[in-house]
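The residues making up each chain are set out below.
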Amino acid sequence: MTHKQMTRTRITWQKISNFIFRPVASDGLKSLLCGGILLLSMICQTVHAQELLAKVVINHKQIQGTDASVFDNLQQTLEQFINERQWTALHFQKNERIPCNFNITVTKYDQSENLFSCTALILANRPVFNASYTTTLYNNRDADFNFQFTQFDQLNFNEEMIDNQLTALIAYYAYLIIGMNLDSFAQMGGEDILQRCLNLANNAQNLNFPGWKAFDNSRNRFAIINDYMEGAMKPFRQLQYDYYRTGLDEMANNVERGRTNISTALENDLKKCHEDRPLSLLPQIWTDYKKDELSNIYKGKGTQKEKETVYDILFSINASQNNYWEKIKE
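The model shown is predicted, which means the values in this text are computed figures rather than measured ones.

The rules behind each value
Residues numbered from 1 in each chain as written. Predicted model: local features only at pLDDT ≥ 70, side-chain atom pairs only at ≥ 80, totals over all residues. Heavy atoms only, no water. pLDDT = per-residue confidence, 0-100. Contact = heavy atoms within 4.5 Å. Salt bridge = Lys/Arg side-chain N within 4 Å of Asp/Glu carboxyl O. Helix = DSSP H or I, 4+ residues; strand = E, 2+ residues; numbered from the N terminus. Buried < 20%, exposed > 50% of the residue type's maximum accessible area, 1.4 Å probe, protein only. Core = buried A, V, L, I, M, F, W, Y, C linked by side-chain atoms within 4.5 Å. Phe/Tyr/Trp six-rings, centres within 6.5 Å; stacked < 30°, edge-to-face > 60°. Lys NZ or Arg CZ within 6 Å of the ring centre and 35° of its normal.

## Describing the confidence of the model for the chain
Alright, step 1. Mean pLDDT over the chain stands at 88; residues scoring 70 or higher make up 85%.
Alright, step 2. Counting interchain partners and residues more than four positions distant, the pLDDT-below-50 stretch residues 1–26 has 39 contacts.
Alright, step 3. Confidence drops under a pLDDT of 50 for residues 28–32, and excluding neighbours within four residues, the segment shows 10 contacts in the predicted structure.

Okay, structure coming up:
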């Protein structure tokens, strides 16, 4: 392990040790310790394993008259690059790898320039403790997933020199997904990895591709990670822990307590970050991919006051999904 990796490991260990050994309510001790122990197992072992278990799909139906082999090679190359690279200094067991999907739709292909114009749907999941259920950790569409790729290219990524659009795109989402996953197991647990994601987005400003420019688009890659790491949005990061770790993970032990914790998280974290940063789209994006889950958590369950409070919060953030929020009242 390099000195740089050891430094990151020590920093992360300090965070996790603070999490594990802080006082907690006795009835929640077992559940809380499990999250810390899971992260501790990732950190303390010296043998590295890949963090991501990705499936890449290339949809090229819109492109006619081009040999499909270039798209097949792109799919294989990306999947190998994502799954075989060690993105952090952390250790993940095989069953701890984060399942994710990169669904890439090619809208235009310039063979003379090896230029791909694409959109991409990025999806990552997280298992729920003591349950067969998996929950969505991230799900968002990147409208500017454009890059150059020559068939049989070998992808190499240097974090200190961001000079390739395709590897920058993949590294950005790798860091974002891993960081959000760690945030869901320990409070601010993904800090170091997410900072690397933000650094990458800053360093990619000089790439001649859209999606990286600061303040150019409130939903582009820079905006997503910049908002996520901004101090005023700290409640949104706290939401990742409170919702998943103290909420969904707790429901396997006690459904009522888990749902109550989710209600508290929505009121203390989601509502607050929206009030503090009303122009940030992160709360809206989050409720877009949580709409089914949230409506199912409350439909026919909980007190009337609880349901009304949750409905009001969600409607104020994302009125376009009101068909789902109405189910909460049932």
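## Here's the deal with the pattern of salt bridges
Alright, step 1. Using the criterion set out here, one finds 15 salt bridges in the structure.
Alright, step 2. Of the charged contacts, one joins arginine 245 and aspartate 249 as a salt bridge, the two residues approaching to 2.5 Å between their closest N and O atoms. Linking arginine 245 with aspartate 249, this pair stays in helix H7 (residues 234–251), spanning four residues, or about one helical turn.
Alright, step 3. The exposure class of arginine 245 is buried, given its relative accessible area of 2%.
Alright, step 4. Salt bridges here are not isolated pairs; linked through shared partners, they connect Arg126, Arg245 and Asp249.

## Let's talk about the nonpolar core
Alright, step 1. Ranked by internal contacts, the top residues of the largest apolar core, which has 88 residues, are Trp87, Phe116, Phe145, Tyr172, Leu176, Ile225 and Trp286.
Alright, step 2. Not counting the four nearest positions on each side in its chain, tryptophan 87 is found in contact with Glu51, Leu52, Phe81, Ile82, Phe157, Ile170, Ala171, Ala174, Tyr175, Ile178 and Arg196.

## Quick look at the packing of aromatic side chains
Alright, step 1. Applying the stated criterion to the full structure yields 19 aromatic pairs.
Alright, step 2. Judged by centre distance (5.8 Å) and plane angle (15°), the rings of tyrosine 311 and phenylalanine 315 are stacked. With tyrosine 311 and phenylalanine 315 both in helix H10 (residues 304–317), this residue pair falls four residues apart, about one helical turn.
Alright, step 3. Feature note: the residues Phe71, Phe102, Tyr109, Phe116, Phe145, Phe147, Phe149, Tyr172, Tyr173 and Trp212 constitute an aromatic cluster, connected by ring pairs.
Alright, step 4. When the ring centre of phenylalanine 185 is taken as origin, the NZ or CZ atom of arginine 126, which lies over that ring, is 4.1 Å away.

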